Amino acid sequence: MSSTARYNVESFPLDRPLTTFLWEVRGDVVEATGECPQCRCVTTRVWEETQYLTKGPSKALKNHFAGGEPQWAMCACPSWHVDRPAEIPDGCGASFFIALPPQGLSL
């Protein structure tokens, strides 16, 4: 955990997805937890099946992960990062892609 790391908006490329995240499926919630490539803090990305009444039906989680493509995430660690804007409650500013487990997800 590097709480003194500066807030820095940085995007990591799609062609190098992180493979160290642990995946968990609980009903209609999927979570990936691992180390942020920028600040090295533990962060979690959550996907939920939700219904948005004003935007129409949402994409089912099963369909969302069916292609096996890496999933986009942003650091959401609870650590304090120097110069993080007041309107951003968490994270270090990094965005990155997470590889699905080789065996896929059982949804």
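Just above sits the structure.
In this report, we go over the structure that sits alongside the text. (Residues numbered from 1 in each chain as written. Predicted model: local features only at pLDDT ≥ 70, side-chain atom pairs only at ≥ 80, totals over all residues. Heavy atoms only, no water.)

Structural notes on the pairing of strand β5 (residues 71-74)
Of the two faces of β5, only the one carrying Gln71 and Ala73 is buried; Trp72 and Met74 on the other face are not. Here β5 runs beside strand β6 (residues 94-98); their pairing, made up of four bridges, is antiparallel. Opposite methionine 74, over in β6, you have serine 95 as the bridge partner. (Buried < 20%, exposed > 50% of the residue type's maximum accessible area, 1.4 Å probe, protein only. Helix = DSSP H or I, 4+ residues; strand = E, 2+ residues; numbered from the N terminus. Pairing = 2+ DSSP bridges.)

Quick look at the sheet that holds strand β4 (residues 42-48)
A sheet is described by the order of its strands in space; here three strands give the open sequence β2-β3-β4, paired in antiparallel fashion. The two strands at the open ends of the sheet, each matched to only one other strand, are β2 (22-26) and β4. The mean inter-strand angle of the sheet, taken between neighbouring strand axes irrespective of direction, is 15 degrees. Summarising the sheet, β2 and strand β3 (residues 29-35) pair through five bridges and their orientation is antiparallel. Within β3, the residue paired with leucine 22 across the bridge is threonine 33. (Axes fitted to C-alpha atoms, helices over the stretch in contact; angles between N-to-C directions.)

Examining the nonpolar core
Of all hydrophobic cores here, the largest spans 19 residues; its most connected members are Trp23, Cys75 and Phe96. Where this core is concerned, the elements lending two or more residues are β3, α1 (61-65) and β6. At three residues, β6 tops the list of elements feeding residues into this core. Sequence-distant contacts of phenylalanine 96, defined by excluding residues within four places in its chain, comprise Phe12, Leu18, Phe21, Cys36, Pro37, Thr43, Gln71, Trp72, Ala73, Met74 and Cys75. (Core = buried A, V, L, I, M, F, W, Y, C linked by side-chain atoms within 4.5 Å. Contact = heavy atoms within 4.5 Å.)

Digging into the packing of aromatic side chains
How two aromatic rings sit relative to each other is given by the distance of their centres and the angle of their planes. Using the criterion set out here, one finds four aromatic pairs in the structure. Ring geometry for tryptophan 23 and tryptophan 47: centres 5.4 Å apart, planes at 15 degrees, overall stacked. Taken together, the positions of tryptophan 23 in strand β2 and tryptophan 47 in strand β4 put the pair 24 residues apart, joining distant regions of the chain. The exposure classification of tryptophan 23 matches that of tryptophan 47, with both residues buried. Every member of this aromatic cluster is reached through a ring pair, and the members are Trp23, Trp47 and Phe65. (Phe/Tyr/Trp six-rings, centres within 6.5 Å; stacked < 30°, edge-to-face > 60°.)

Points about the pattern of salt bridges
Counting across every chain of the model gives five salt bridges. In this structure, arginine 26 engages glutamate 31 in a salt bridge whose closest nitrogen and oxygen atoms are separated by 3.1 Å. Using a relative accessible area of 40% as the deciding quantity, one classes arginine 26 as partly exposed. For glutamate 35, the salt bridge identified is with arginine 40, shortest N-O distance 3.6 Å. For glutamate 35, a relative accessible area of 39% corresponds to the partly exposed category. (Salt bridge = Lys/Arg side-chain N within 4 Å of Asp/Glu carboxyl O.)

Quick word on the side chain of threonine 43
Note that threonine 43 resides in strand β4. Using a relative accessible area of 2% as the deciding quantity, one classes threonine 43 as buried. There is a polar contact of 2.7 Å between the side chain of threonine 43 and the backbone nitrogen of alanine 76. (Polar contact = N/O pair within 3.5 Å; in protein donor to acceptor, adjacent residues only side chain to side chain.)

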